[in-house]
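Breakdown of the fold
Listed below are the residues making up each chain.
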Amino acid sequence: MISSENIQTFKRIVGEDNVITSSAGRLVYSYDATPNFQSMPDAVIAPRCTEEIYKIVNICRDNKIPIVPRGSGTNLAAGTVPSEGGIVLLFKHMNNILEIDEENLTVTVQPGVITLDMIKAVEQKGLFYPPDPSSMKISTIGGNINENSGGLRGLKYGVTRDYVMALEAVLPNGDIIRTGGKLAKDVAGYDLTRLLVGSEGTLAVITEATLKLIPMPETKQTMLALYESMDAAAKSVSEIIAAKIIPATLEFLDRPTLIAVEDFAQIGLPTDVEAVLLIEQDGPPEIVARDMEKMADICTREQAVSVQIAATEAEALALTTARRSALSALARLKPTTILEDATVPRSEIANMVKAINKIAEKHNVRIATFGHAGDGNLHPTCPTDSRDHDEMERVEAAFADIFAKAIELGGTITGEHGVGMMKAPYLEWKVGPEGIAIMKAIKQSFDPENIMNPGKLFAKETRKRVVVTL
Ligand SMILES: Cc1cc2nc3c(=O)[nH]c(=O)nc-3n(C[C@H](O)[C@H](O)[C@H](O)COP(=O)(O)OP(=O)(O)OC[C@H]3O[C@@H](n4cnc5c(N)ncnc54)[C@H](O)[C@@H]3O)c2cc1C
């Protein structure tokens, strides 16, 4: 519980209207996009500038009050659930684009800027910010940085980490630091920028970020390849990469996902095939034309039953929008939707999808899978009902098997959604006890009082590792 004296001080710092303490107001921030996790904060505070955050953090440090930074709450790992109470810090007033620097090709923003708003603003100047999580219409840059989010363009262009050049952050001890700069080269000391990216709000409050931009690709084309077997689709992916083509997008959807997406988007997607690849290439027109032709040939050779290049920009947009809506489409099937992001080396995609289907059968649960085929980042998604306790236990057991299988195939428990509370019990499976020890030491040196987003990343108990026999 936070004392009424502290609440009064918070109100003096940010203004009465920017501190919420009512039950109804706090309830809204007790959960995020992750099903089945909920815990009430003691207060919700919306600061207007770094100086106010600095003052708030100092009070929290002195009074050991947990701080949960929150962008739009779209994370899928219970990363913004205030599991130990304390304050939720909102960035709704800190949502400005501060500068677009066309000479250095950078954009400097406050953490609450909506990703798509920033992408549109830089595109107006002919510049390109590639990281494009499917949630970009609502996610914030602060959330993207803290989850190191990826997107459909990750294969060719990388993820958020590859675009963060400089950060301003308030540390839990109250210090304000500035890391990096608008520099192509900078090896001055430990790379604190990279350490903070993906730190899930557990090390510092990010208050400003400078991100790298690149010139806008001249043109783009989109293609859809349909398959009667997952193996053939996976083989096409490997052959495309082996042909030394790196497409801008290389996504796949399995049949259950296709059915849900078509029902939702109604754009005439086929629902009688086993797998679909959505492929895009961008760049100079002649390179795009050459790559599209080569990729179409590869898909046809690898038994695609149909290969179609979108004839118009509107058609292409409808296809990518449909892919981006996969989670929303699957979420309509049952009251609870659990989406995971187990990731394997690209060469293991077909094996992983087969294993997921067998695991679903073994535990008698329904799992649809789609994802970023080019980077082996799969989204097995389970439409379920959290009120059915028996089914929920089976779902949890199925996902434990999926994580174990991903690791066995040389993969990881999460490719882009982060660990949060949801995957904390599995982190040790991936990084080992030594990895946990060094991560805890880093946490301890930043945050000895454990006030920054406590209860995330590190579980009280690690799940017992299962051996999956299928
Ligand atoms: C429909 C849907 C589609 C999605 N698609 C993708 C996808 O394609 N790729 C992908 O990677 N993810 C995806 N996600 C997950 C999620 O959208 C991303 O992780 C996103 O980056 C979260 O942004 P947010 O603003 O909602 O952050 P939040 O969920 O509010 O926060 C995420 C984390 O960042 C921390 N944080 C936020 N702001 C700050 C700050 N200023 N300082 C310190 N810590 C901070 C929080 O404490 C938390 O740990 C999807 C989610 C949904 C619901």
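Okay, so let's go over this structure. This one's a predicted model, so the numbers in the text were calculated from it and none came from an experiment.

1. Examining the site of the ligand
As a structural note, the neighbourhood of the ligand is formed by 33 residues, with Pro-69, Gly-71, Thr-74, Ser-135 and Thr-140 the closest of them. For the ligand, an oxygen atom lies 3.5 Å from a polar atom in the backbone of Gly-79. A distance of 2.8 Å separates an oxygen atom of the ligand from a polar side-chain atom of Asn-144. Burial of the ligand by the protein chains amounts to 95% of its free accessible area of 980 Å². Element by element, the count of residues in the shell around the ligand is highest for helix α5 (residues 141–147), at 5 residues. Of the residues contributing to the shell around the ligand, the split by class is 9 nonpolar, 20 polar and 4 charged.

2. Focus on the nonpolar core
Tyr-227, Ile-240, Leu-277, Ile-279, Cys-299, Met-352 and Ile-402 are the most contacted members of the largest nonpolar core, which has 59 residues in total. If you tally residues by element for this core, the top one is helix α14 (residues 389–408), at 10 residues. Here Ile-402 is in contact with Ala-342, Met-352, Ile-356, Ile-359, Ile-367 and Pro-380, once residues within four sequence places are set aside. One finds Tyr-129, Leu-167, Val-197 and Ala-204 within the second-largest nonpolar core, a separate group that totals 30 residues.

3. Structural notes on the side chain of Thr-140
Along the chain, Thr-140 falls in the loop between β7 (127–128) and α5. Not counting residues within four places of it along the chain, the set of residues in contact with Thr-140 comprises Gly-71, Ser-72, Pro-111, Gly-112, Val-113, Ile-114 and Thr-115.

4. Overview of helix α1 (residues 4–14)
Listed in full, the buried residues belonging to α1 are Asn-6, Ile-7, Phe-10, Lys-11, Ile-13 and Val-14. On an axial view of α1, the arc spanned by its buried residues comes to 160°, and they lie on one face. Set apart from the buried face of α1 by more than 90 degrees, the exposed residues are Ser-4, Glu-5 and Arg-12. Packed against the buried residues of α1 are β1 (19–20), β2 (43–45), α3 (50–63) and β4 (87–90). Gly-15 lies just past α1 and shows a positive phi near 95°.

5. Considering the packing of helix α8 (residues 230–242) against helix α13 (residues 349–362)
Running from amino to carboxyl end, α8 crosses α13 at an angle of 150°, the nearest separation of the two axes being 8 Å. By the criterion of interaxial angle, the relationship of α8 to α13 is roughly antiparallel. Of the two possible hands of crossing, α8 and α13 adopt the one that is right-handed. Of the residues in α13, those in contact with Met-230, Asp-231 and Ala-234 of α8 are Ile-349, Ala-350, Val-353 and Lys-354. Here the contact of α8 with α13 is built from residues that sort into 5 nonpolar, no polar and 2 charged.

Rules used in this analysis
Residues numbered from 1 in each chain as written. Predicted model: local features only at pLDDT ≥ 70, side-chain atom pairs only at ≥ 80, totals over all residues. Heavy atoms only, no water. Near = heavy atom within 4 Å. Polar contact = N/O pair within 3.5 Å; in protein donor to acceptor, adjacent residues only side chain to side chain. Areas by Shrake-Rupley, 256 points an atom, 1.4 Å probe, with all protein chains shown as cover. Helix = DSSP H or I, 4+ residues; strand = E, 2+ residues; numbered from the N terminus. Nonpolar A, V, L, I, M, F, W, Y, C, P; charged D, E, K, R; others polar. Core = buried A, V, L, I, M, F, W, Y, C linked by side-chain atoms within 4.5 Å. Buried < 20%, exposed > 50% of the residue type's maximum accessible area, 1.4 Å probe, protein only. Contact = heavy atoms within 4.5 Å. Arc of directions from axis to C-beta. Axes fitted to C-alpha atoms, helices over the stretch in contact; angles between N-to-C directions. Parallel < 35°, antiparallel > 145°, perpendicular 65-115°, else oblique. Left-handed = near helix turned anticlockwise from the far one by under 90°.

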